[in-house]
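Here are the chains, one letter per residue:
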Amino acid sequence: MKEKIKLKVTEKQYDALQEIRGLRNDGHMMVMTAKRLENGWLLEGTEKTFDGLVTDLYDEVEFEMQPKSKLKHLRQLIAEISPEGDF
């Protein structure tokens, strides 16, 4: 069984994630099934799922497919998921 990775995200990061159209199926399911926390959301998925999510986030940021206010939060997520920037 693959180990699950857990990542706590802020309300604004989660809102920005929900605005993305065209997430890969596993990334979409991870966002839609996130657990509500008192002060944010908990994403759970495999390394492969998070890798795919980061790739989708890079596209959103690179092509500025979101308002600048949301892009800031997507950039923060990229840094949290892939701090070494290996994509």
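Since the structure is predicted, the reported quantities are computational estimates derived from the model, not experimental observations.

(A) Summary view of the pairing of strand β3 (residues 40-45). Of all 6 residues that make up β3, 5 are buried, and the element is covered over most of its length. Where strand β1 (residues 5-9) and β3 come together, 5 bridges link them in antiparallel fashion. Its bridge partner being in β3, Lys 6 is matched across the sheet by Glu 44. Pairing analysis gives 3 bridges linking strand β2 (residues 35-37) to β3, with the strands arranged antiparallel. The residue of β3 that forms the bridge with Arg 36 is Trp 41. Counting the residues in the hairpin turn of β2 and β3 gives 2 residues.

Analysis parameters
Residues numbered from 1 in each chain as written. Predicted model: local features only at pLDDT ≥ 70, side-chain atom pairs only at ≥ 80, totals over all residues. Heavy atoms only, no water. Buried < 20%, exposed > 50% of the residue type's maximum accessible area, 1.4 Å probe, protein only. Helix = DSSP H or I, 4+ residues; strand = E, 2+ residues; numbered from the N terminus. Pairing = 2+ DSSP bridges.

Function-wise, these values are silent; they only describe arrangement.
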